[in-house]
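Summary of structural features
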Amino acid sequence: MSKMSFILTILAFMQLISSDKPETIAMLERMLESYECPAILVSVDYEILATNSHYEKQFGSIDIAQKPRCFEISHGYTVPCDQAGEDCPLIAAQQSGHKERVLHIHQTPRGKEHVDVEMLPIHDSNGELAFFVEFLRAIPLVSGQITDKEMVGVSESFNNMLGKITRVGNTDASVLLLGESGTGKELAARAIHMASDRKSHPLVSLECAGLTDSLFESELFGHVKGAFTGAQTNKKGLVEQANGGTLFLDEIGDIPLSMQVKLLRLLESRTFRPVGSTAVKTTDFRLICATHKNLSEMVDDGLFRQDLYYRINVFPITVPSLQQRLNDIPIIAKALLAQISPDHTYRLTNSAISALKKNRYKGNIRELRNLLSRAVILSDNNLIDNDQIAQSLNYDERTPTNNNSAQVKSTNDQIVSLKEYEKKYLESLLINFDGDKNKVAETAGISLRSLYRKLQ
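Criteria and thresholds
- Residues numbered from 1 in each chain as written.
- Predicted model: local features only at pLDDT ≥ 70, side-chain atom pairs only at ≥ 80, totals over all residues.
- Heavy atoms only, no water.
- Phe/Tyr/Trp six-rings, centres within 6.5 Å; stacked < 30°, edge-to-face > 60°.
- Helix = DSSP H or I, 4+ residues; strand = E, 2+ residues; numbered from the N terminus.
- Buried < 20%, exposed > 50% of the residue type's maximum accessible area, 1.4 Å probe, protein only.
- Core = buried A, V, L, I, M, F, W, Y, C linked by side-chain atoms within 4.5 Å.
- 1 Å grid on protein atoms, 1.4 Å probe; cavity = no way out; pocket = protein on both sides within 12 Å on 5 of 7 lines; lining within 4 Å.
- Points joined across faces, edges and corners; volume = space filled by probe spheres on them.
- Nonpolar A, V, L, I, M, F, W, Y, C, P; charged D, E, K, R; others polar.
- Pairing = 2+ DSSP bridges.
- Axes fitted to C-alpha atoms, helices over the stretch in contact; angles between N-to-C directions.
- Contact = heavy atoms within 4.5 Å.
- Expected span 1.5 Å × (residues − 1).
- Arc of directions from axis to C-beta.

1. Let's talk about the packing of aromatic side chains
The tally for this structure, following the rule as stated, stands at five aromatic pairs. Both rings, one in Y46 and one in F71, keep their centres 5.4 Å apart while their planes meet at 75°; by these two values the pair is edge-to-face. Here F71 lies in helix α5 (residues 70-75) and Y46 lies in the loop between β1 (39-43) and β2 (48-51), a separation of 25 residues in the sequence. Of the two residues, Y46 and F71, neither departs from the other in class, the shared state being buried. Between Y55 and F59, the aromatic rings sit 5.2 Å apart at their centres with planes inclined by 35°, giving tilted as the arrangement. Here Y55 and its partner F59 are both found in helix α4 (residues 53-59), four residues apart, which amounts to about one turn of the helix. Of the two residues, Y55 and F59, neither departs from the other in class, the shared state being buried.

See the structure below:
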């Protein structure tokens, strides 16, 4: 059933709604089933009158007979959202007379989750506001608490970013993610992909930094056997692998100028030729780019093509730095600790959290993860306090010595060799990941070859 058909059918039963007959509520529930997302019917007094099966599957069943109110179920509030310091989509839709949309953090069976709320006002034949249809879509890969999801946060800057992700997610618009290194731009790209109609198709990523012209072209477009020395087989390029899905170009500001024109041609025509081939292929993908550089300044300096800049900068989203979301540090830290040591539960004291908030993170979340990894190694039990955080911070204060061996001094005046600490850190990760060197290398942020060298 279309949305318009649903509304017209609802209007025909307006008089029955006020009678609160069980068969009427059952009929309204069947009408809500026409939607492919969680939906509820809400009265002007905030009462939930009906839900659909998608809502029950995702958020749990509701006893309609108890006349629960939306703010009680979604937030646990005793007053409407606007009286509890949040934007209320019902009030907004009531005042505007048309559909309104907000981002909320709802209580769900899985805990706190970010939910994209869309409120549609329904008027009767006399033009009087009768009730609302509320659509709720949870944002993939995001949570407002410690879960196995990858993006956590509740701060204003974090929610502003998520609001933009939900806006652009279900479109095909190109997105440019801006922000410092280590802020989680790749996770934001994945969230955009999962919010789109392309989520059943692959998200293909390419790290553009450090690629030569020939390597970039081969990675992006693929090559045929014999195209160059070492091309012993045909290789499918990333743009072909991303067909139907999303192509994510990380650090796009590092693409060589000579390759930018080829990328522009791809974006304009959606056609390409593998290296060494004369066959023209087509592809259909959604483009997401990310950079920590100021592309506008690069355009002015002649380092980035202006036409390419405007092609990729359709919908820019700034991913906030950790310094801009200090209030999120407690839940980010707990989530990182769960990743660092999945088999052991570590708890941060209030003094440890306070110390973490006072630090300035040039490396953002990546730096915080390294800091917590050190604290886990230095902790003798499952409690991490201010002492372990202070010692972990001091490991970054490297002091050169006469023999050029980098050493640091901890707060308890113990001299610890950086190489010894590094080896201990890597050996601890090996234990945590049951000897899986691939996971250890990924967690430590080094290559597998570097891991073997450091362990030796």
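Structure shown, so let's carry the discussion forward.
2. Things to note about the nonpolar core
Core analysis: the biggest nonpolar cluster contains 31 residues, and L220, L247, L249, I252, L263, F304 and I312 have the highest contact counts within it. Mapped onto this core, the elements with two or more residues apiece are β9 (203-207), α9 (213-221), α10 (238-241), β12 (246-250), α11 (257-269), β15 (286-291), α12 (295-300) and α13 (306-312). In terms of residues, this core owes the most to one element, α11, which gives five residues. If you look at the next biggest cluster of nonpolar residues, it comprises 24 residues, including L336, A352, L368 and L371.

3. Some words on empty space enclosed by the protein
A full pass over the atoms with the stated rule returns one cavity of 30 Å³ or more. The computed volume of the largest cavity comes to approximately 100 Å³. Lining the largest cavity are 14 residues, and of these C70, C81, P89, H104 and E134 lie nearest its centre. Among the secondary structure elements, those contributing two or more residues to the lining of the largest cavity are α5, α6 (89-96), β3 (100-108) and β4 (111-123). Looking at the lining of the largest cavity element by element, the count peaks at four residues for α5. Per-class residue counts for the lining of the largest cavity are nine nonpolar, four polar and one charged.

4. Looking at the sheet that holds β2
What holds strands together in a sheet is hydrogen bonding between their backbones, with the strands either parallel or antiparallel. Reading across from one edge, β2-β1-β5-β4-β3 is the order of the five strands in this open sheet, with antiparallel pairing throughout. If you trace the sheet from one side to the other, it starts and ends with β2 and β3, each paired once. Direction aside, neighbouring strands of the sheet carry axes that sit 30° apart on average. In the packing of α6 onto the sheet, contacts are made with β1, β3, β4 and β5 (129-138), and the angle to β3 comes to roughly 160°. Running at roughly 115° to β3, helix α7 (residues 156-169) makes contact with β3 and β4 of the sheet.

5. Concerning α11
End to end, α11 covers 19 Å across 13 residues, agreeing with the expected 18 Å (1.5 Å per residue, within 8%). All of the buried residues along α11 are M259, Q260, L263, L264, L266 and L267. Looking straight down α11, one finds its buried side chains confined to an arc of 160°; they lie on one side. If you follow the buried residues of α11, they end up packed against α9, α10, β12, β13 (271-272), β15 and α13. Directly after α11, the chain includes R270, whose backbone phi takes a positive value near 60°.

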